[in-house]
Amino acid sequence: MSIGPLIKDLREAAGLSQSELADVLCDLSGRPTVTRETVSRWENSKRNPTFWLPFLAEALDVPLSVLEFGEVRRRTFVVGTALGALSPMIPPTTRNTAAEIVTSIASGDPSPLATVQTSHETDLLISRFASQDTATVRHLVRWLDEGPPVLRVNACGIVAKTSKIDLIDSATHALRRDAEIRDLYMWAVGKRVGDNPKALIKELYNPKDAGAR
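Residues numbered from 1 in each chain as written. Predicted model: local features only at pLDDT ≥ 70, side-chain atom pairs only at ≥ 80, totals over all residues. Heavy atoms only, no water.

A.B. asks: Could you clarify how one ought to interpret the overall build of the chain in this entry?
C.D. replies: A count of helical and extended segments in the chain gives 13 helices and 0 strands. Sequence-ordered secondary structure for the chain, helices as α and strands as β, is α-α-α-α-α-α-α-α-α-α-α-α-α. When burial is assessed residue by residue, the chain has 43% of its 213 residues classed as buried. For the chain, the proportion of contacts with a sequence separation of at least 24, taken over those separated by at least 6, is 62%. On the chain, roughly 11,600 Å² of surface is accessible, and the fraction owed to carbon and sulfur atoms is 55%. (Helix = DSSP H or I, 4+ residues; strand = E, 2+ residues; numbered from the N terminus. Buried < 20%, exposed > 50% of the residue type's maximum accessible area, 1.4 Å probe, protein only. Contact = heavy atoms within 4.5 Å. Areas by Shrake-Rupley, 256 points an atom, 1.4 Å probe, with all protein chains shown as cover.)

In structure tokens, the structure reads:
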């Protein structure tokens, strides 16, 4: 992902043309090397303004972190839009949570999954999107054996709800060998379906949750 569109949005919000932004950057940096074409290349994602980020932040009057994390925030937006298209009936809050978690997993950040046990609906959304990305799958499979129990059970819940046999096998093996995450997983299943015998029996054939099966 690129922060080019974010730079364009901020520039236009500041009422600056590409030439005017280039002039401001030259003044701030003391380097007369930024031109309108330079700014255009940044905004069109043809160049990455890594060196210029602090000067851009000052010129556009935003914290540097806005630009540094612009890529992650734009990815969250894109993922959220994709998840919304997949599941239009899911509440926006659930889609937004899933999008943020998918973004964190893809970047190798386990903290959101290590905080609180995710819901069945959130896991389903995350698994549908995350299982298509090799790096995301790699992180999830690693977290089946690493970190606190909440991280391990969340990773297991997401992996178990994919449609890929090798990932499902990883989840079921984790549940067999790890009593902590097995207890947490079964607690979540019990909370979802209650103590109705028929509802519990249905979980034996749940096509969307290999862990419950």
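A.B. asks: Any chance you could explain the side chain of Thr-122 here in plain terms?
C.D. replies: Looking at where Thr-122 falls in the secondary structure, it is placed in helix 8 (residues 120–130). Thr-122 has contacts with Thr-94, Thr-97, Ala-98 and Ile-101, leaving out every residue within four places of it along the chain.

A.B. asks: Explain empty space enclosed by the protein to me, please; I cannot follow it from the model alone.
C.D. replies: The full count for this structure, using the stated rule, is 1 cavity of 30 Å³ or more. What the largest cavity holds in volume is close to 40 Å³. The wall of the largest cavity is formed by Ser-127, Ala-130, Ser-131, Val-137, Leu-140, Ile-158, Val-159, Thr-162 and Leu-167. Looking at the lining of the largest cavity, the elements with two or more residues in it are helix 8, helix 9 (134–143) and helix 10 (149–160). Counted by class, the lining of the largest cavity contains 6 nonpolar, 3 polar and no charged residues. (1 Å grid on protein atoms, 1.4 Å probe; cavity = no way out; pocket = protein on both sides within 12 Å on 5 of 7 lines; lining within 4 Å. Points joined across faces, edges and corners; volume = space filled by probe spheres on them. Nonpolar A, V, L, I, M, F, W, Y, C, P; charged D, E, K, R; others polar.)

A.B. asks: Looking at this structure, how should I read unusual backbone geometry?
C.D. replies: Phi is mostly negative for residues that are not glycine, and the peptide bonds are mostly trans. One non-glycine residue, Ser-45, lies in the positive phi region at around 65 degrees. Mapped onto the secondary structure, Ser-45 falls in the loop between helix 3 (36–43) and helix 4 (53–60). We note that Asp-61 has phi near 60 degrees; this positive angle belongs to a residue other than glycine. Its place among the elements puts Asp-61 in the loop between helix 4 and helix 5 (64–68). The exposure class of Asp-61 is exposed, given its relative accessible area of 69%.

A.B. asks: Hey, could you run me through the packing of aromatic side chains in this one?
C.D. replies: Each aromatic ring pair is described using two quantities: the centre-to-centre distance and the angle formed by the ring planes. Taken as a whole and assessed by the stated rule, the structure comprises 4 aromatic pairs. Taking 5.8 Å as the distance between ring centres and 50 degrees as the angle between the ring planes, the aromatic pair formed by Phe-51 and Phe-55 counts as tilted. Given a relative accessible area of 43%, Phe-51 falls into the partly exposed group. Aromatic side chains Trp-52 and Phe-55 sit 5.6 Å apart centroid to centroid with 55 degrees between the ring planes, which places their arrangement in the tilted category. Of the two residues, Trp-52 and Phe-55, neither departs from the other in class, the shared state being buried. Feature note: the residues Trp-42, Phe-51, Trp-52 and Phe-55 constitute an aromatic cluster, connected by ring pairs. (Phe/Tyr/Trp six-rings, centres within 6.5 Å; stacked < 30°, edge-to-face > 60°.)

A.B. asks: Got a minute to help me understand the packing of helix 10 against helix 11 (residues 165–177) in this structure?
C.D. replies: A pair of packed helices is captured by two measures, namely the crossing angle of their axes and the spacing between those axes. For the pair helix 10 and helix 11, the least separation of the axes is 8 Å and the interaxial angle reads 140 degrees. In this structure, helix 10 crosses over helix 11, and the sense of that crossing is left-handed. Within the contact between the two elements, helix 10 uses Cys-156, Val-159 and Ala-160 and helix 11 uses Leu-167, Ile-168, Ala-171 and Leu-175. (Axes fitted to C-alpha atoms, helices over the stretch in contact; angles between N-to-C directions. Left-handed = near helix turned anticlockwise from the far one by under 90°.)

A.B. asks: Where do I start with the nonpolar core in this structure?
C.D. replies: As a rule of thumb, soluble globular proteins bury nonpolar side chains together. Core analysis: the largest hydrophobic core is formed by 30 residues, its most contacted members being Ile-105, Leu-113, Ile-126, Leu-140, Trp-143, Cys-156 and Tyr-185. Secondary-structure elements contributing two or more residues to this core are helix 7 (92–106), helix 8, helix 9, helix 10, helix 11 and helix 12 (179–193). The biggest single contributor to this core is helix 10, with 7 residues. Not counting the four nearest positions on each side in its chain, Ile-105 is found in contact with Leu-113, Ile-126, Thr-136, His-139, Leu-140, Trp-143 and Ile-158. The next biggest cluster of nonpolar side chains, apart from the first, holds 21 residues, and it includes Leu-25, Leu-53, Leu-60 and Leu-67. (Core = buried A, V, L, I, M, F, W, Y, C linked by side-chain atoms within 4.5 Å.)

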